[in-house]
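Residues per chain are reported as follows:
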Amino acid sequence: MGKIIKVWDGTEWQAVGIAAALPSAFNVVQSANGTMLAGRNYFVDTSAARTLTLPASPSVGDTISIYDATGTAATNNITVARNGSKINGQTEDAIIDVNQASSTFVYTGATVGWRFD
């Protein structure tokens, strides 16, 4: 069994939950095309154009963050392939084409799909 998390309430220690480990691949350095997983941060090497594919069966609230780690997305775009879901209500892939950009995609359901700014 995992370790118990306790909080001091001013009088005694109160058990509030069980400790859990973060996924081992929470932060991913991406230097090739690939399919992304929800709950991860992708630091993309844009020394070449990259295509990153969103998960095929997302759940509401799934989140993925993408960062232009090498600062050349204006020259070597990051294409975010929608993989069947909409992106901002559209049936088109997203393109990240701003140097040093960061974007967070959140799945909101079938109507809007993945939402990002």
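Because the structure is predicted, anything quoted here is derived from the model rather than measured. (Residues numbered from 1 in each chain as written. Predicted model: local features only at pLDDT ≥ 70, side-chain atom pairs only at ≥ 80, totals over all residues. Heavy atoms only, no water.)

## Describing unusual backbone geometry
Using the following cut-off: Starting at the N terminus, helices and strands are each numbered in turn, a helix being any DSSP run of H or I of at least four residues and a strand any DSSP run of E of at least two. Think of it in three bands: residues with accessible area under 20% of the maximum for their type are buried, residues over 50% are exposed, and the middle band is partly exposed, with areas taken using a 1.4 Å probe on protein chains only.
Unusually for a residue other than glycine, Asn-88 sits at a positive phi of about 50 degrees. Within the element layout of this structure, Asn-88 appears in the loop between strand E8 (78-81) and strand E9 (94-96). Taking relative accessible area as the criterion, Asn-88 reaches 30% and is therefore assigned partly exposed. Its identity is not glycine, yet Gln-100 carries a phi of approximately 60 degrees, on the positive side. Along the chain, Gln-100 falls in the loop between E9 and strand E10 (102-107). Accessibility expressed as a relative area gives 65% for Gln-100, which makes it exposed.

## Topic: the environment of Tyr-67
Here Tyr-67 shows up in strand E7 (residues 63-68). Exposure remark for Tyr-67: the relative accessible area of 28% places this residue in the partly exposed category. It is 7.7 Å that separates the C-alpha atoms of Tyr-67 and Asn-41, two residues lying 26 residues apart in sequence.

## Notes on the pairing of strand E6 (residues 50-53)
Cut-off, in case you're wondering: The criterion for strand pairing is that DSSP finds at least two bridges linking the strands in question.
In this structure, strand E4 (residues 34-35) lies alongside E6, joined through two bridges in parallel fashion. Directly across from Gly-34, in E6, lies its bridge partner Leu-52. Where E6 lies against E8, four bridges are found, and the strand directions are parallel. Residue pairing across strands places Arg-50 opposite Ile-78, the latter belonging to E8.

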